Amino acid sequence: MYSKIHKYKQLGMNIVVDPVSGSIHVVDDLTYEILDLYTENDFNTIVSLLKNKYSEDEIKDAYDEIESLRNKGLLYSEDVYKDLDINRENSVIKAICLNVAHDCNLRCSYCFASTGDFKGGRKLMSYEVGKKAIDFLIKNSGNRKVVEVDFFGGEPLMNFEVVKKIVEYGRDEAEKHGKTIKYTITTNGVLLDDEKSTYINENFSNVVLSLDGRKEINDGMRKRIDGSGSYDVIAPKIKNFVFKRGNKEHYVRGTFTAKNLDFTDDVLHLADMGIREISVEPVVEKEDTDYTLKQEHLERILKEYDRLTEEYIKRIDEGRPFSFYHFKISLDNGPCIKKRLQGCGAGFEYAAITPDGEIYPCHQFVGNELYKLGNVDSGIENKLLQEKFMESDIYKREECSQCWARFYCSGGCFANNYNMNGDINKPYELSCEMQKKRFECAIAIKAYEMMFKKNNKPQQFDN
Amino acid sequence: MRHIVTINRTSLKDSLKKPGCGECQASCQSACKTSCTVANQECQN
């Protein structure tokens, strides 16, 4: 029984992915053609089909290499994970998202949080609730030493004095319990000043800053309360912050919509601002708006990822590289198979906590009463809901179980599935197609770097 | 090999031997958390 492989062409290479082993092969044209025939034909038939283009000796040589990799379990590998019995009942909370402000000083058109208030009224988290959230995390993190707290909103800098107090409280409590809390923050940058920047750089292990790219694109979606664009306020502040941040972890992230399908120009705009850690992601919007991404946009989006890949390589070759978050991929030391069967962990490894102390599986479910897990006083009460998240994995879904990218994506985003299809286990197809393309690009970039980094010549293919 | 270059050295199947310690980072693939996929994480063990 041959398991499926995935093959595609990018950056002038023929790339073959063996999903089960995770092996990536770059092959010559002959091998690429044989792989189309290999599972359905014997050797003699393959020779007869290809003999007009290649000699029998060449075909045999390539065929033997395919056989060798198959025998080593690096090609057409049989899926040995299907029947793994993964028990997630002993999982612990690793990270919480603290919604310290259900309020925002921007009014972005595509905001999933209803411009900051999550449809529950504009409010800020009190220090008391923040302390209980820290207590909840420490109590529910088991033996795990390093846990994470992400300050989120709305806009968390609108409640910065409470953020600082929670950081101090968390640090003391973590020390008492032999743990370390890594703090992160996601901000729109409006309230960034020197004092806050210094504090954040000293205390936060990662910072995510939102900026969509070109001024006209950013200002079309990321508006101030008076309706004016935010670019002139936030771009200088973010640029200044990134300069001060240096090599400490951070990302400047943007969102692309149907209005900027040429989003490569936005990525390059950010790179040209001197930003080296960039993420630009597709908007998730179900309503029929002028910015909603639809199936009809897919072909254009996939081509745009190709363009971005080529520009990305060009900048590497020119000695002025930047990092695009979705093009990062770990091919040799990635997570183990247990993690890969379900990557998200919402509701049992990760939870979001509101200003009122309510607990949800993640920030995207906040405000949806059906998905409330509990609160910081009593902990997680809705165990049935928690089990629903725990039980899900790629083999519970028909669409995922055969997908070549299943061990890279690991099931994707529950919230996107729910928001688009009304079911946490029903993949959002458009998102899947974009995600698969990003993996192809990421793998191609890795392969390109390995194949061409010496003397700009392939490492092998010496025939 | 003259026709095939394998660019990575490990097989995912080897990870079956790992205990699944759970020390890896929480992942998030939703928009505002900048889509931390499993694929771009490193094993912490």
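Keep in mind it's a predicted model, so treat the numbers as computed, not measured.

1. Digging into the overall build of chain B
Across its full length, chain B carries 0 helices and 1 strand. Per-residue burial for chain B yields a buried fraction of 51% across its 45 residues.

2. A few points about helix α10 (residues 298–317) of chain A
Residues and elements named next belong to chain A. With 20 residues, α10 should cover 28 Å at 1.5 Å per step; its first-to-last C-alpha distance of 29 Å lies within 8% of that length. Those residues of α10 not exposed but buried are Glu304, Tyr305, Leu308, Thr309 and Tyr312. Considered in projection along α10, the buried side chains sweep an arc of 150° and stay on one side of the axis. Facing away from the buried side of α10, by more than 90 degrees, are the exposed residues Glu299, Arg300 and Lys314. Each element contacted by the buried residues of α10 is listed here: β1 (6–10), α9 (264–272), β11 (323–324) and α16 (429–452). At the C-terminal side of α10, Gly319 shows a positive phi close to 80°.

3. Things to note about the interface of chain A and chain B
Across the boundary between the two partners, chain A contributes 71 residues, which contact 34 residues of chain B. Of the residues assigned to the side of chain A that touches chain B, the class counts are 32 nonpolar, 24 polar and 15 charged. For strand β3 (residues 23–27) of chain A and strand β1 (residues 4–6) of chain B, the ladder comprises 3 bridges, and the chain directions are antiparallel. Residue pairing for β1 of chain B: Val26 of chain A is matched across the bridge by Val5 of chain B.

4. Quick word on the confidence of the model for chain B
Model confidence for chain B is summarised by a mean pLDDT of 80, while 82% of its residues fall at 70 or above. Our summary of model confidence lists the complex with pTM equal to 0.95 and ipTM equal to 0.91.

5. Focus on the sheet that holds β1 of chain A
Strand order in the open sheet formed by 4 strands is β1(A)-β2(A)-β3(A)-β1(B), with antiparallel pairing between adjacent strands. The open sheet has two free edges, formed respectively by β1 of chain A together with β1 of chain B, since each of these has just one partner strand. Here the average twist between neighbouring strands, direction ignored, is 25°. Against the sheet, helix α1 (residues 29–37) of chain A touches β1, β2 (13–18) and β3 of chain A together with β1 of chain B, its axis set at about 40° to β2 of chain A.

Conventions adopted
- Residues numbered from 1 in each chain as written.
- Chains lettered and ligands numbered in written order.
- Predicted model: local features only at pLDDT ≥ 70, side-chain atom pairs only at ≥ 80, totals over all residues.
- Helix = DSSP H or I, 4+ residues; strand = E, 2+ residues; numbered from the N terminus.
- Buried ≥ 20, exposed ≤ 12 C-beta atoms within 10 Å, placed from the backbone.
- Expected span 1.5 Å × (residues − 1).
- Arc of directions from axis to C-beta.
- Contact = placed C-beta atoms within 7 Å.
- Nonpolar A, V, L, I, M, F, W, Y, C, P; charged D, E, K, R; others polar.
- Pairing = 2+ DSSP bridges.
- pLDDT = per-residue confidence, 0-100.
- Axes fitted to C-alpha atoms, helices over the stretch in contact; angles between N-to-C directions.

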